[in-house]
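Structural description and commentary
This is what each chain is made of:
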Amino acid sequence: MATDIKNTTLPKIPIGGWVAAQLEACVRCGICAGACPFYAVLGTPQVSPVWKLELLQRLYRQRHSLVGRIAAALGLEKRLTAADLAAWQEYNFAACSTCNRCSMACPMGIAVGQLLHQVRDILAEQGAAPENLLKMKASVQAEKNVFGYPAYERAGWVEYMDAAPPDLYMRSQAEIVYFVGCVTSFAPRTQRIAEAFVQLLEAAGVNFTLLGEGEACCGFPLRSAGMLAEAQALIQANAAAVQAAGARTVVFTCPACRLMWLEEYARLLPGVRLLHASELLEELIAEGRIQLQPVAHSFTYHDPCDLARTGGVYDPPRRVLQAIPELRLVEVSERRENGLCCGGGGDVEMVAPHNVRAVAQQTVGKLKATGAERLATACPQCLRVLEQAGGGWPALDIVEIVARSAGVVDE
Ligand code: SF4
Ligand code: SF4
């Protein structure tokens, strides 16, 4: 439930020159709606990107326009109510995966996705974050993961691996840290990505370590909930763990973790490379440290939003797939900058799983229409969500595909 702010002043949000210029540039053409996967499945104008932004627009106009200032001086300004906040909470947290497709579509070049993060910050600051995200915050603060599982179980998946070495991949010093992330550490389907990745790294002779219980949630889910301040202790702890290991590279199988590290950790770790698994695999394949055997299947590749459109990694996953003999890549028309969204990003699965399912089914339908035998992606959350929507259509992370091709895991 949103906090009642009827009798208070407007939120003290910073609207700087850049935000003002972005908001002024919007001509209300509505083109961004055509790019939004939630608008496509829900169809209500309130979930269009431009309406999700309206809270910020309203605050801006009330604070900075002449009419708004005069109204404020006369005590006539229309104040935000609890009902307003509850409505925008619904539009922004239950029907937005922060996929950033709207930014790509906007003819005025407005960074809609970035502004939508500001809307989330305002809602959280005003006490209007969804209840499940407050529970997630409590879980992260107590157990360092979004699920609330005991923190000491974070690397529990390793103990179930037949192939694990006696040190369970925990080394005090290493050139590379594999940062596993919450979803891959705890969600059973995606633990198989981690199992495949450590076996590939081991087979390629990579000097790496896990952080085990020393790894905490990267903070991405808190930032997506408008709670970046609450993520600061995690950021400091994770960065310190990498420094203590003496690592010069951190590698991620989760694009959201990688994005968070690029945007919030990089200043703490100068000179440390932050790579997605596909980037490291491409290097290892090029160096001849991973030998690939034929995989005689056709795959279509789903670009994860946080890896591709927002994270800038388009080609390494494709080059890795194309390095596998006999594998045929069948591209979907909506790819790369215009890639589809699985629906499961931006914390929306914790708030409105039914909306995620609807988006995922729409996306799987488009991917299946390529005629590919299998789906490849490069994100544990995309894999979970799309596999569940796929009705038995085989779906694999590219790490799993490479591990099968290299013979380190079975088909
Ligand atoms: S496409 Fe751009 S200019 Fe048009 S309504 Fe959306 S944000 Fe505004
Ligand atoms: S970020 Fe994605 S889900 Fe959110 S409004 Fe934009 S297009 Fe829609």
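Because the structure is predicted, anything quoted here is derived from the model rather than measured.

**Observations concerning the environment of Gly-68**
Following the sequence through the fold, Gly-68 ends up in helix H5 (residues 66–73). Overall, the relative accessible area of 9% leaves Gly-68 in the buried class. Counting along the chain gives 87 residues from Gly-68 to Ala-155, while the straight-line C-alpha distance between them is 54 Å. Those residues in contact with Gly-68 that sit more than four places away from it in its chain are Arg-61 and Gln-62.

**Considerations on the domain arrangement of the protein chain**
According to the domain assignment, the protein chain consists of domain 1 (17–129), domain 2 (132–285) and domain 3 (291–405). For domain 2 and domain 3, the distance between their C-alpha centroids amounts to 21 Å. Listed per partner, the contact involves 30 residues of domain 2 and 31 residues of domain 3. In this assembly, domain 2 packs against domain 3 so that about 2400 Å² is buried in total across both faces, 72% of it on carbon and sulfur atoms. The interface formed by domain 2 and domain 3 holds three salt bridges in total. Breaking the side of domain 2 that touches domain 3 down by element, the ones donating at least two residues are helix H9 (131–143), helix H11 (182–186), helix H12 (188–203), helix H13 (220–224), helix H15 (255–265) and helix H16 (277–286). Examining the composition of the side of domain 2 that touches domain 3, we find that seven residues originate from one element, H12, more than from any other.

**So, the sheet that holds strand S7 (residues 374–377)**
Pairing in this open sheet of four strands is parallel, and the strands run S6-S5-S7-S8 from one edge to the other. Each edge of the sheet is formed by a strand with only one pairing partner; in this case those strands are strand S6 (328–329) and strand S8 (395–397). Judged from the three bridges that link them, strand S5 (residues 298–301) and S7 form a sheet pairing that is parallel. For Tyr-301, the partnering residue across the bridge sits in S7 and is Ala-376. Where helix H21 (residues 398–405) meets the sheet, its contacts fall on S5, S7 and S8, and the angle it forms with S8 comes to roughly 85°.

**Description of the site of ligand 1**
Not every one of the 13 residues close to ligand 1 is listed here, only the nearest: Cys-26, Cys-29, Gly-30, Cys-32 and Cys-106. Split into classes, the residues belonging to the shell around ligand 1 amount to 11 nonpolar, one polar and one charged.

**Observations concerning the pattern of salt bridges**
A full pass over the atoms with the stated rule returns 21 salt bridges. Salt-bridge contacts for Glu-283 lead to Arg-273; the nearest nitrogen and oxygen are separated by 2.9 Å. Taken as a pair, Glu-283 in helix H16 and Arg-273 in strand S4 (residues 273–276) lie far apart in primary sequence, 10 residues in all. Its relative accessible area of 27% is what places Glu-283 among the partly exposed residues. Close ionic contact of Glu-334 with Lys-366 constitutes a salt bridge, the shortest N to O distance being 3.2 Å.

**Focus: the side chain of Asp-303**
Structurally, Asp-303 can be placed in the loop between S5 and helix H17 (315–322). Once you skip the residues sitting within four places of it in the chain, Asp-303 turns out to touch Ala-308, Tyr-314, Arg-318, Arg-335, Arg-336 and Leu-340.

**Details of the site of ligand 2**
As a structural note, the neighbourhood of ligand 2 is formed by 13 residues, with Cys-36, Cys-96, Cys-99, Asn-100 and Cys-102 the closest of them. At the level of secondary structure, the elements contributing two or more residues to the shell around ligand 2 comprise helix H2 (37–42), helix H3 (49–52) and helix H7 (101–105). Tallied by class, the residues present in the shell around ligand 2 amount to eight nonpolar, three polar and two charged.

**Quick look at the sheet that holds S4**
As summarised here, the arrangement of the four strands in space is S2-S1-S3-S4, forming an open sheet in which the pairing is parallel. Whereas interior strands pair on both sides, the edge strands pair on one side only; in this sheet they are strand S2 (208–209) and S4. Alignment of strand S1 (residues 176–179) against S2, held across two bridges, turns out to be parallel. The residue bridging Ile-176 from the neighbouring strand is Phe-208, located in S2. Helix-sheet contacts for H15 involve S1, strand S3 (249–252) and S4, and the interaxial angle to S4 is about 160°.

**Focus: the side chain of Thr-209**
Along the chain, the position of Thr-209 falls in strand S2. With relative accessibility at 1%, the residue Thr-209 sits in the buried group. A polar contact is formed between the side chain of Thr-209 and the backbone nitrogen of Arg-171, at a distance of 2.8 Å. If sequence neighbours within four positions are ignored, Thr-209 has contacts with Tyr-169, Met-170, Arg-171, Ala-174, Ile-176, Val-177, Tyr-178 and Ala-245.

**Observations concerning helix H4 (residues 54–64)**
Counting buried positions over the 11 residues of H4 gives eight, a clear majority of the element. Those residues of H4 that fall on the buried side of the exposure criterion are Glu-54, Leu-55, Leu-56, Gln-57, Arg-58, Leu-59, Tyr-60 and Gln-62. Among the structural elements, helix H1 (17–25), H3, H5, helix H6 (82–93) and helix H8 (112–125) are those in contact with the buried residues of H4.

**Structural notes on the layout of surface pockets**
Within this model, the largest pocket holds a volume of roughly 600 Å³. The set of elements that each furnish at least two residues to the lining of the largest pocket consists of H11, H13, H15, helix H18 (348–351) and helix H20 (380–389). Along the lines of polarity and charge, the residues of the lining of the largest pocket split into 23 nonpolar, eight polar and four charged. In terms of lining, the second largest pocket is formed by 21 residues, of which the most central are Gly-113, Gln-114, His-117, Arg-223 and Glu-263. Counting residues per element, the ones that place at least two in the lining of the second largest pocket are H8, H13 and H15. When residues of the lining of the second largest pocket are assigned to their parent elements, the largest contribution, five residues, is made by H8. Its residues assigned to classes, the lining of the second largest pocket shows six nonpolar, 10 polar and five charged. Counting contributing residues, the lining of the second largest pocket receives three or more from each of domain 1 (17–129) and domain 2 (132–285).

Procedures and definitions
Once a new chain begins, its residue numbering starts again from 1 and follows that chain's sequence as written. Here chains are named by letter from A upward and ligands by number from 1 upward, in the order in which they appear as written. Where local features are concerned, this predicted model is filtered to residues with pLDDT of at least 70; where side-chain atom pairs are given and counted, the filter is 80 or more; whole-chain, interface and lining totals use all residues. The side-chain numbers reported here are obtained from all heavy atoms of the structure, hydrogens and water having been left aside. Helix numbers and strand numbers start at the N terminus; a helix is a DSSP run of H or I with at least 4 residues, a strand a run of E with at least 2. For every residue, the accessible area obtained with a 1.4 Å probe (protein chains only) is divided by the maximum for its type, and the residue is called buried under 20%, exposed over 50%, and partly exposed between those limits. Residue contacts follow a heavy-atom distance rule, with two residues in contact if any of their heavy atoms lie within 4.5 Å. Each domain's limits were defined by an automated method or a database of domain assignments. As a working definition, buried area equals the accessible area (1.4 Å probe) given up by two parts on being put together, with both sides summed. Any carboxyl oxygen of Asp or Glu that lies within 4 Å of a side-chain nitrogen of Lys or Arg is treated as forming a salt bridge with it. Strands are treated as partners if at least two bridges between them are detected by DSSP. Working convention: axes come from line fits to C-alpha atoms, limited for helices to the stretch in contact. Angles between N-to-C directions cover 0 to 180 degrees. Here a residue is considered near a molecule or strand provided that any single heavy atom belonging to it is located within 4 Å of it. Basically, the charged four are Asp, Glu, Lys and Arg, the nonpolar ten are Ala, Val, Leu, Ile, Met, Phe, Trp, Tyr, Cys and Pro, and anything else, Gly included, counts as polar. Think of a polar contact as two N or O atoms within 3.5 Å of one another; within protein, one of them needs to be a possible hydrogen donor and the other a possible acceptor, and neighboring residues in sequence only count if both atoms come from side chains. Here a cavity denotes a set of grid points, spaced 1 Å apart and computed over the protein atoms alone, in which a 1.4 Å probe fits but from which it cannot get out, and a pocket denotes an open set meeting protein on both sides within 12 Å along at least five of seven lines; residues with an atom within 4 Å of a point are reported as lining. Grid points are joined across faces, edges and corners, and a volume is the space filled by probe spheres set on the points.

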